Amino acid sequence: MEQLVTSPDNPVPARSRTPHQLLQPAEQQGTGTPRTRRTRRTLAVTALLAAGALALSACGGNAEAGGHDDGKNGQAGADAAAAKDASDAKIKVSSKDGATDASINDTRVKVTGGKLTDVKLTAADSGTVVEGAISSDGSSWKPSVQLERGTKYQLVANAKDAKGRSATENATFTTVSSANSFIGSYTPDDGKTVGVGMPVSFNFDKVITNKKDVQSHIKVTSSSGQPVVGHWFGTQRLDFRPEEYWKAGSKVTMKIDLDGVQGGEGITGVQSKTVSFTIGRSQVSTVDMNTQNMTVKRDGKTLKSIPISGGSPENPTYNGQMVISEMFKQTRMDGSTVGFTKGNGKGEYDIKDVPHAMRLSSSGTFIHGNYWGDPSIFGRSGTSHGCVGLRDSKGGGGNTPGKWFFDNSLVGDVVIVKNSKDKTIKPDNGLNGWNLSWSDWQAGSAS
């Protein structure tokens, strides 16, 4: 067997060595100078292996030794520290982030554990800022105006807790669209003083099929204690009244709680408000077509007797209980708008300055001043196209019966016509539900 000789110029080939050989004791590896050099080389390799073992220990240590954990423990510690220092203020926005059917009435911001410092609500497309106010105690915010339907809004709310630590909440939402919502236009308006015959009347902009739920979310009450019942005229109109006329001086309140109520398939209510109005003195005027005279009674006592000129034999005035729904100091009356036309298509009459006009029906019945008729007709003959005319002057000036009655009337006052050759007016032609008996009125309720 050939003896291997090592020297700087003739090293032992690397493949001839093994870790076992390198780590053998010196006396087992021969004698002389070659042994000394081999020993040094062995010590060097041993040191390298030891260093490698330490390096492996540092990179692959276990958790008990505080070794590597992909940074999880470090991040958890940072999260815990941040949570410990987080604000106690918790902000809640009523309209959920991302909602596409948010209420136009119920956008609110509330905070617990702190106070709101500022809230900003803007229309996303236009950038228009919606005005609003933070409550005096800093716990809530609400807009000062109703939001628009089908509009995207962005809200940012900031608050601070008792230690001055800040909190922020953001929400982006879209209000319910016009196509998927319904609104009821109502009369009378909030704060008005009206006559004893004034019903509460709602006209909805969509067909209502879920009448029971809609009606049950409108509560009408009177300080007089009179029971109030709703009655549906078709699918878009709902009126409320007591059995008898309202008590003079009473206060009527209607609570509209339709926000979120399903009116039918795919349509939701968006109204939420409370409206109150006052009933004034009791005034009921009775027109007798036989005598062409009107008796005005206030609080049960006769106030005045006024000569009138009602409908002609060809165009008689409706009979029945009618309520004044609108009042105009001056208005135009064109016969073509209510079906009175000549052969050339023009109206049989077109008076552009009718004074002291008060509407009694949707179809065009008024009680109004008349300056164009001969004074002799009043109290003697019916000459109108169905209206009730009172002597008046052009422009409405002077001390005339027409002006007196206008000045002494309220929207909601009752005008009763009797002894006419015409039929009784339909209860839904104007605000004239008093022409239904109480039992028939109750039969039209959905509740």
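A quick note: this is a predicted structure, and the numbers were derived from the prediction, not measured.

Calculation notes
Each chain carries its own residue numbering, running from 1 in the written order of its sequence. Per-residue local features are limited, in this predicted model, to residues with pLDDT of at least 70; the limit for side-chain atom pairs, both in listing and counting, is 80 or more; totals at the level of whole chains, interfaces and linings are taken over all residues. Computation of side-chain values: all heavy atoms of the structure, hydrogens and water removed. Here a helix means four or more residues in a row that DSSP labels H or I, a strand means two or more in a row labelled E, and each is numbered from the N terminus. Per-residue accessibility, obtained with a 1.4 Å probe over protein chains only, is compared with the maximum for each type, and a residue is labelled buried under 20%, exposed over 50%, and partly exposed between these values. By the convention used here, residues are in contact when the closest approach between their heavy atoms is within 4.5 Å. For the area figures, the Shrake-Rupley method with a 1.4 Å probe applies, and any residue is considered shielded solely by the protein chains shown. Note on pairing: DSSP must find at least two bridges between two strands before they are called paired. The salt bridge definition used is simple: a Lys or Arg side-chain nitrogen within 4 Å of an Asp or Glu carboxyl oxygen. Residues belong to one nonpolar core when they are buried, are Ala, Val, Leu, Ile, Met, Phe, Trp, Tyr or Cys, and are joined through side-chain atoms within 4.5 Å. The aromatic pairing rule takes the rings of Phe, Tyr and Trp, using the six-membered ring of Trp, and pairs them if the centres are within 6.5 Å, calling planes under 30 degrees apart stacked, those over 60 edge-to-face and the rest tilted. To sit over a ring, a charge needs its Lys NZ or Arg CZ within 6 Å of the ring centre and within 35 degrees of the ring normal. By the criterion applied in these results, polar contacts are pairs of N or O atoms within 3.5 Å in which, for protein atoms, one can donate a hydrogen and the other can accept it, and in which residues neighboring in sequence qualify only through two side-chain atoms.

Colleague: Which residues make up the overall build of the chain, and what are the values?
Modeller: Scanning the chain for helices and strands turns up six helices and 28 strands. A buried classification covers 38% of the 447 residues belonging to the chain. The contacts of the chain with a sequence gap of at least 6 include a subset with a gap of at least 24, amounting to 64%. Of the roughly 24,300 Å² of accessible surface on the chain, a fraction of 49% belongs to carbon and sulfur atoms.

Colleague: Describe the sheet that holds strand β19 (residues 272–279), with residues and values.
Modeller: If you walk across this open sheet you meet the four strands as β11-β19-β16-β13, and the pairing is mixed. Two strands in the sheet have a free side with no partner beyond their single neighbour: β11 (193–194) and β13 (218–222). One ladder, built from seven bridges, connects strand β16 (residues 251–257) with β19; its direction is antiparallel. Residue pairing in the sheet places I256 in a bridge with K273 of β19.

Colleague: Mind laying out the pattern of salt bridges, listing which residues take part and the relevant values?
Modeller: Where charged atoms of side chains with opposite charge meet at close range, the side chains can pair. Scanning the entire structure with this criterion turns up 12 salt bridges. Each member of the salt-bridge network shares a partner with another, and the members are R332, D334, D350 and K352.

Colleague: Just give me the short version of unusual backbone geometry, but keep the residues and values in it.
Modeller: For the peptide bond that leads from T187 to P188, omega is 5°, which places it in the cis range. Inspection of the secondary structure puts P188 in the loop between β10 (184–187) and β11. We note that Q292 has phi near 50°; this positive angle belongs to a residue other than glycine. Of note, the phi angle at D299 is positive, near 50°, even though the residue is not glycine. Take D299: it is sitting in the loop between β21 (293–298) and β22 (301–307). The exposure class of D299 is partly exposed, given its relative accessible area of 47%.

Colleague: Any chance you could break down the environment of G197 for me, citing the residues and the numbers?
Modeller: As for its placement among the helices and strands, G197 is situated in the loop between β11 and β12 (200–204). For G197, a relative accessible area of 0% puts it in the buried group. The spacing of G197 and P242 is 45 residues in sequence and 9.7 Å in space, taken between C-alpha atoms. If sequence neighbours within four positions are ignored, G197 has contacts with Y245, V323, G412, V414 and W434.

Colleague: Lay out the sheet that holds strand β17 (residues 262–264) in plain terms, naming residues and giving numbers.
Modeller: Taken in spatial order, the three strands make up an open sheet running β9-β18-β17, and their pairing is mixed. Edge positions in the sheet fall to β9 (181–182) and β17, since each of these pairs with one other strand and no more. Bridge count between β17 and strand β18 (residues 267–269): two bridges; the pairing is antiparallel. Within the sheet, the bridge partner assigned to G264 lies in β18 and is I267.

Colleague: Which residues make up the nonpolar core, and what values go with them?
Modeller: Most often, soluble globular proteins keep nonpolar side chains buried together rather than apart. If you look at the biggest cluster of nonpolar residues, it comprises 31 residues, and the most contacted ones within it are F202, F204, V214, I218, V220 and F240. Elements supplying a minimum of two residues to this core: β12, β13, β15 (237–241), β16 and β19. Among all residues touching V220, those that are not within four sequence positions of it are V200, V228, F240, W246, V252, T253 and M254. Residues V109, V111, V119 and A171 belong to the second largest nonpolar core, which totals 24 residues.

Colleague: Describe the packing of aromatic side chains, listing the residues and the values that go with them.
Modeller: Taken as a whole and judged by the stated rule, the model has nine aromatic pairs. With 5.9 Å between their ring centres and 25° between their planes, F204 and W232 make a pair best called stacked. A residue pair is termed long-range when its members are at least 10 positions apart, and F204 in strand β12 and W232 in strand β14 (residues 229–233) qualify at 28 residues. When sorted by exposure, F204 lands in the same class as W232, which is buried. Judged by centre distance (5.9 Å) and plane angle (70°), the rings of F233 and W441 are edge-to-face. One end of the pair, F233, is in strand β14; the other, W441, is in helix α6 (residues 438–443), and 208 residues separate them in sequence. Side by side, F233 and W441 carry an identical accessibility label, which is buried. An aromatic cluster of three or more residues is present, and its members are F182, Y186, F202, F204, W232 and F240. The positively charged end of R241 is found above the aromatic ring belonging to W441, 4.6 Å away from the centroid. The ring centre of W404 lies 5.1 Å from the NZ or CZ of K304, which sits over that ring.

Colleague: Tell me about the pairing of strand β2 (residues 109–112), and name the residues and values.
Modeller: Alternating residues of β2 divide into V109 and V111, all buried, and K110 and T112, none buried. Pairing of strand β1 (residues 90–93) with β2, which is carried by four bridges, proceeds in the antiparallel orientation. Residue V93 lies in a different strand from β2, and its bridge partner there is V109. Note: β2 against strand β6 (residues 140–143), two bridges, orientation antiparallel. Bridged to V109 within β6 is W141.

Colleague: Lay out the environment of D205 in plain terms, naming residues and giving numbers.
Modeller: Assignment of secondary structure puts D205 in the loop between β12 and α4 (211–216). When the C-alpha atoms of D205 and F182 are compared, they prove to be 5.9 Å apart, with 23 residues separating the residues in sequence. If sequence neighbours within four positions are ignored, D205 has contacts with R149, S181, F182, I183 and Q236. A distance of 2.9 Å separates a polar atom in the side chain of D205 from the backbone nitrogen of I183.

Colleague: Give a detailed account of the environment of L436, specifying residues and quantitative values.
Modeller: Inspection of the secondary structure puts L436 in the loop between β28 (414–418) and α6. Put simply, L436 and K426 are 10 residues apart on the chain and 8.8 Å apart in space, counted from C-alpha to C-alpha. Leaving out residues up to four positions away in the same chain, L436 has contacts with H231, F233, R241, P427 and W441.

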